[in-house]
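As a plain string of letters, each chain reads:
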Amino acid sequence: MDIGWFRDLVICIWGLVATVVVIFVAVISYLLYRRTRAVLNSMEAVSNRAASVLESVEAVSTTVREVAAHVGETMTDPVLQVIALVRGVRQGIDAISKLFRKREQEGGGNDE
């Protein structure tokens, strides 16, 4: 057995080891690819669900805003009319009470 035979043996063993390592790296890469793809698909599904939830929230907020505006318009006008009526009645009562107070003060000053 000369040195050429050992060289050829080392080359063959090195080739087998390299082939096994390449196959191992390929399998690991494929498994990593599948997991990454599954995670990306899950993230896309979550993103789509979040977008639909956001659209639903926007629709609900728009509806609530419209209802609040309608209730505000519907309730504000009658309440303002009642407030104006109460204020007018109160001012009328104040004006009449001032009128009677002036007469009582004027009349009370003459009796003394």
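Residues numbered from 1 in each chain as written. Predicted model: local features only at pLDDT ≥ 70, side-chain atom pairs only at ≥ 80, totals over all residues. Heavy atoms only, no water.

### Some thoughts on the overall build of the protein chain
Then comes step 1: A tally of helices and strands in the protein chain yields one helix and zero strands.
Then comes step 2: Taken over C-alpha atoms, the radius of gyration comes to 47 Å for the protein chain, far larger than the 13 Å a tight globule of 112 residues would show.
Then comes step 3: A buried classification covers 1% of the 112 residues belonging to the protein chain.
Then comes step 4: A total accessible area of about 10,400 Å² is found for the protein chain, and carbon and sulfur atoms account for 67% of it.
Then comes step 5: Side-chain charges in the protein chain split into 12 positive and 13 negative, and the spacing between the mean points of these groups amounts to 4 Å. (Helix = DSSP H or I, 4+ residues; strand = E, 2+ residues; numbered from the N terminus. Rg over C-alpha atoms; globule rule 2.2 N^0.38 Å. Buried < 20%, exposed > 50% of the residue type's maximum accessible area, 1.4 Å probe, protein only. Areas by Shrake-Rupley, 256 points an atom, 1.4 Å probe, with all protein chains shown as cover. Lys, Arg positive; Asp, Glu negative; His and termini not counted. Charge placed at Lys NZ, Arg CZ, Asp CG, Glu CD.)

### Comments concerning the environment of Val21
Then comes step 1: As for its position among the elements, Val21 is in helix α1 (residues 3-111).
Then comes step 2: When the C-alpha positions of Val21 and Ser61 are compared, they lie 59 Å apart, and in sequence the two are 40 residues distant.

### Quick look at the pattern of salt bridges
Then comes step 1: Counted by the stated rule, this structure contains one salt bridge.
Then comes step 2: Notably, a salt bridge pairs Arg7 with Asp8, separated by 3.5 Å at the nearest N-O pair.
Then comes step 3: Overall, Arg7 belongs to the exposed group, its relative accessible area being 51%. (Salt bridge = Lys/Arg side-chain N within 4 Å of Asp/Glu carboxyl O.)

### Quick word on the packing of aromatic side chains
Then comes step 1: Taken as a whole and judged by the stated rule, the model has one aromatic pair.
Then comes step 2: Summarising the aromatic geometry, the rings of Trp5 and Phe6 are spaced 5.3 Å apart at their centres and angled 75 degrees between planes, so their arrangement reads as edge-to-face. (Phe/Tyr/Trp six-rings, centres within 6.5 Å; stacked < 30°, edge-to-face > 60°.)

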